[in-house]
Amino acid sequence: MIGLFITFEGIDGSGKSTHAVKLYEHFSHKFGRNGVLLTWEPGGWSGGDLMRELLLHHEWRPWSEFFLFMADRYEHVSEKIQPALSEGRIVICERYTDSTLAYQGWGKGLPIEEMERLFSLLALPQPDLTIWLDVPVEKAMERIKSRKVLDRLEEENFLYKVRNGYEELFLTNSERIKRVSSEVSEEEVFLEILKVVGVFMDES
Ligand code: TYD
């Protein structure tokens, strides 16, 4: 077992859930279900439902929102992610610190470096590999509308800022963050993800 931390990132409607599940199935097949943990933020821990309710159903001020996401993450890391990594499992997580930088930073204007300092203070583990599923905002909006789950975080202008944030993160962390275009068919996207993961595993 290798102990690998892989995150999926992207704006709402970019297909993260679909591909995180597919990658989980792929690794489970290879290493057995016990070798892989599939999890998500916000909410992938024992108190996560409560936290999601709190986070997604109230209009928080940006710093309050940030600290709620951080509390969620600290519990999640302590309860699930860190133990799984210590046991040498592969952890696949939908959204993580890059979501906070993109949404609360680029989206809502909180200072990036200060947020990163808090990540270090909490000794949050860094992902080994981050797959950024990139989709144009217009396309994401179509997908979101067709799912009829438009909520306050999913407005078009906001998503433009968030997508720019992901692009900036990708450009400044190109070793860790790999861009996969999610504009093509589901099968093609997943093949590209497997390619990226394969290259990463060969190199490490
Ligand atoms: P998620 O459940 O992943 O929604 P979706 O499936 O639509 O992508 O995330 C819920 C929302 O929380 C999403 O709009 C992104 C936002 N979010 C932040 O703003 N900051 C964060 O740190 C995280 C983890 C999520």
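A. Here's a closer look at the site of the ligand. Around the ligand sit 14 residues, and of these Asp12, Arg52, Arg95, Thr100 and Gln104 come closest. At 2.6 Å from an oxygen atom of the ligand is found a side-chain nitrogen or oxygen belonging to threonine 100. Protein chains shield 91% of the accessible area of the ligand, which is 550 Å² for the free molecule. Elements with a contribution of two residues or more to the shell around the ligand: helix H3 (62-86) and helix H4 (97-107). Top contributing element to the shell around the ligand by residue count: H4, with four residues. Grouping the amino acids of the shell around the ligand by side-chain chemistry returns four nonpolar, three polar and seven charged.

B. Structural detail: the nonpolar core. Core analysis: the largest hydrophobic core is formed by 31 residues, its most contacted members being Ile11, Ile81, Tyr103 and Tyr166. Ranked by residue count, the leading element in this core is H3, at six residues. Ignoring anything within four residues of it in the chain, the contact list for isoleucine 11 reads Lys16, Arg95, Tyr103, Val135, Val137, Ala140, Leu159, Val162, Arg163 and Tyr166. Counting 21 residues, the second largest nonpolar core, distinct from the first, contains Leu23, Ile92, Ile193 and Met201.

Cut-offs applied
Residues numbered from 1 in each chain as written. Predicted model: local features only at pLDDT ≥ 70, side-chain atom pairs only at ≥ 80, totals over all residues. Heavy atoms only, no water. Near = heavy atom within 4 Å. Polar contact = N/O pair within 3.5 Å; in protein donor to acceptor, adjacent residues only side chain to side chain. Areas by Shrake-Rupley, 256 points an atom, 1.4 Å probe, with all protein chains shown as cover. Helix = DSSP H or I, 4+ residues; strand = E, 2+ residues; numbered from the N terminus. Nonpolar A, V, L, I, M, F, W, Y, C, P; charged D, E, K, R; others polar. Core = buried A, V, L, I, M, F, W, Y, C linked by side-chain atoms within 4.5 Å. Buried < 20%, exposed > 50% of the residue type's maximum accessible area, 1.4 Å probe, protein only. Contact = heavy atoms within 4.5 Å.

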